[in-house]
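# Analysis of the macromolecular model
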Amino acid sequence: MNYFSSLWGRRADLFDVRGALVPRRVRGNVLVTAVRAGGCLALVLVSLWLAGRMDLAPYAAMGCFTSLYARDESYARRVWLLAVVGVGLTVAVAAGASASALGVGVWAPILVVAAVASGARYLSDVVALGAPAGLMFVFAAGVAGYAPQTWPEVGVRAGVTAAAAGLCWAAAVVGALAHPRAPERLALARALHAVADHLEDPSGRGVDRAEGAVRAAWRVLHARERGEGTCGLEVLAARAQGAIRGGGSVVERARRAAELRELARRVRRRRVVDPLVEEGERVRLSVYADRVRAGARPARVWSWGRASGAWVVRVAVASLVAGGVAWLWGADHGYWATVSAASVLQATSVSATWHRTVQRGVGTVVGAVVAAGVFALVDTSSVWVVIALVVACQVGAELVVMTNYAYAIVCVTPLTLALSALARPGAGMFDLVVERTAATVSGALVGLVVCVVVADRGARARLEGALVECERACERVADGGGAGGRHRLVEALAGLEAAAAVAVGEPAVSVPGERVERARGRARALLDREPEPV
């Protein structure tokens, strides 16, 4: 019985918790990103303390969320993408503060935060924003909307957010002056390691991870015009591509894996890297890289077709319901429930939302216990202690967020509580811990329920489109499409896998299992048979 054939088994697996809390190995760009995010936040908070305006700390922190985005993107894409994020966070703070300044009751902030949440989800899909997607815009609107505001303060809050976002934008792109190809080198090193992992252990889904990493490397390499340094990196990408399905004995595979790992180390540390191949093979790899670049689809800055109306509706409804529940409950920080509902809906299917709900709930409970212990040991009346705690939690969250979302929430929970302490000195920390836990868990459950009730029937149409694209790519390769056609087939197969995973995770969507299996099988067979670059 194959993966798609059993409808009953598919439904039973929707709420399987296996893998939800399993760590994922991440290579490279972890410490640098964490230190950069923590350093920007520390600089902003210390500046506010020197200015005697610690009441603006939460709004500055919202601007610093800019540093959480585009961590692995090329500098060309990072420049404009982070500008979009910074403007979006500023607009979210301004919208939330304006809703509060209206003074017409709590429903104005609830409606505005829900509107920001749905708009952020749409924006995230259209521009392929990547993690943490639209979540931080909701947080920004909630922080501003649920705090008492006056009209003169609205511009100040938004200005502080914009200034902090500008600082983070500059810190994220300044590296282009010293290491202009650092993102390309990072993506390539990850691809080489992923292929080496597959060679050492060819069982399981290692081949999928290897192909995904190589595909990501090609995407980053093709994001800019080819230069002298890029040519050598593309040769290495071609070598990694060819090694994925390389046969041989266990010893031969282990030897190739060791070579790839050494190349990955050199890619990260040296300006010029020898691909460790003979001259004739280097020429063949160069030709293959030329054909892949020629056959690659042009990268689109945005695509309206990426956005799903069902997910925008899901986020809007869940945000409204969560905000309303928190209001009825009498929570002082009702936006915590709204943010939690929106956070679990930054996923792609019901099953993925369930995993996010488990991660959000477990991470919050553990984080609340940690926060209670920390607050019992440290003097939260000291601004310097709280600033140090906020920065440490920010760095900690960035260190583990790519490993598992739940681990990051463990750090985010005390961070959020510490920011509340900075904005409102003297607040009861134990009461904040209890409120945070209850609001977050309830909001996550609301998001999950709404995700189940509001069906994403467009998932079937997207799957049909991916099937057609994969079948066309198969025909091109079968007719002699060469390296460019093969690269298109790899991309089409990845798109099919992603669309099928989404459809399988939606209870209301019927999946054409036999057709999907047939297309996958043919694509795999063609990729295995098509001559590789090495």
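Residues numbered from 1 in each chain as written. Predicted model: local features only at pLDDT ≥ 70, side-chain atom pairs only at ≥ 80, totals over all residues. Heavy atoms only, no water.

We now examine the packing of helix 8 (residues 182-200) against helix 11 (residues 250-269). For the pair helix 8 and helix 11, interaxial distance at closest approach is 8 Å and the crossing angle is 165 degrees. Compared by their axis directions, helix 8 and helix 11 come out roughly antiparallel. Judged by the sense of rotation from one axis to the other, the crossing of helix 8 with helix 11 is left-handed. Note on element contacts: helix 11 touches helix 8 through R253, R256, A257, L260, R261, L263, A264, V267 and R268, opposite R185, L186, L188, A189, L192, H193, V195, A196, D197, H198, L199 and E200. Classifying every residue of the contact of helix 8 with helix 11 gives 12 nonpolar, 2 polar and 7 charged. (Axes fitted to C-alpha atoms, helices over the stretch in contact; angles between N-to-C directions. Helix = DSSP H or I, 4+ residues; strand = E, 2+ residues; numbered from the N terminus. Parallel < 35°, antiparallel > 145°, perpendicular 65-115°, else oblique. Left-handed = near helix turned anticlockwise from the far one by under 90°. Contact = heavy atoms within 4.5 Å. Nonpolar A, V, L, I, M, F, W, Y, C, P; charged D, E, K, R; others polar.)

This part takes up helix 9 (residues 206-221). Over its 16 residues, helix 9 extends 23 Å from the first C-alpha to the last, a length consistent with the 22 Å expected when each residue adds 1.5 Å. All of the buried residues in helix 9 are G206, V207, A210, E211, A213, V214, A217, W218, V220 and L221. (Expected span 1.5 Å × (residues − 1). Buried < 20%, exposed > 50% of the residue type's maximum accessible area, 1.4 Å probe, protein only.)

What follows deals with the layout of surface pockets. The probe, sized like a water molecule, is rolled over the atoms to show the empty space still left. The space that makes up the second largest pocket amounts to roughly 930 Å³. What lines the second largest pocket is a set of 38 residues, among which H179, R181, A182, R185 and V267 lie closest to the centre. Secondary-structure elements contributing two or more residues to the lining of the second largest pocket are helix 2 (31-51), helix 4 (75-102), helix 7 (151-173), helix 8, helix 10 (228-243), helix 11 and helix 12 (279-295). The greatest single-element share of the lining of the second largest pocket, amounting to 7 residues, is contributed by helix 10. (1 Å grid on protein atoms, 1.4 Å probe; cavity = no way out; pocket = protein on both sides within 12 Å on 5 of 7 lines; lining within 4 Å. Points joined across faces, edges and corners; volume = space filled by probe spheres on them.)

Evaluation of the coordinates by the stated rule reveals 26 salt bridges. R77 serves as the salt-bridge partner of E73, at 3.2 Å between the closest nitrogen and oxygen. No difference in accessibility class separates E73 from R77, as the two residues are buried. Between E262 and R266 there is a salt bridge whose closest N-O contact spans 2.8 Å. Here R266 and E262 lie together in helix 11, a separation of 4 residues that amounts to about one turn. The class for E262 is partly exposed, based on a relative accessible area of 24%. Judged by its relative accessible area of 18%, R266 falls in the buried class. Because the salt bridges share partners, they merge into one network encompassing R27, D197, E200 and R261. (Salt bridge = Lys/Arg side-chain N within 4 Å of Asp/Glu carboxyl O.)

Under the defined criterion, the tally for this structure stands at 7 aromatic pairs. Linked through ring pairs, F65, F139, Y146, Y335 and W336 together constitute an aromatic cluster. The positively charged end of R356 is found above the aromatic ring belonging to Y405, 3.9 Å away from the centroid. The residue whose ring lies beneath R436 is W336, and the NZ or CZ to ring-centre distance is 5.4 Å. (Phe/Tyr/Trp six-rings, centres within 6.5 Å; stacked < 30°, edge-to-face > 60°. Lys NZ or Arg CZ within 6 Å of the ring centre and 35° of its normal.)

In this section: helix 12. Taking 1.5 Å per residue, 17 residues should reach 24 Å; helix 12 reaches 24 Å between its end C-alpha atoms and fits that length. Among the residues of helix 12, those classed as buried are L285, Y288, A289, V292 and G295. In a view along the axis of helix 12, the buried residues occupy a sector of 130 degrees, so they form one face of it. Of the exposed residues in helix 12, the ones pointing more than 90 degrees away from its buried face are E279, R291 and A294. (Arc of directions from axis to C-beta.)

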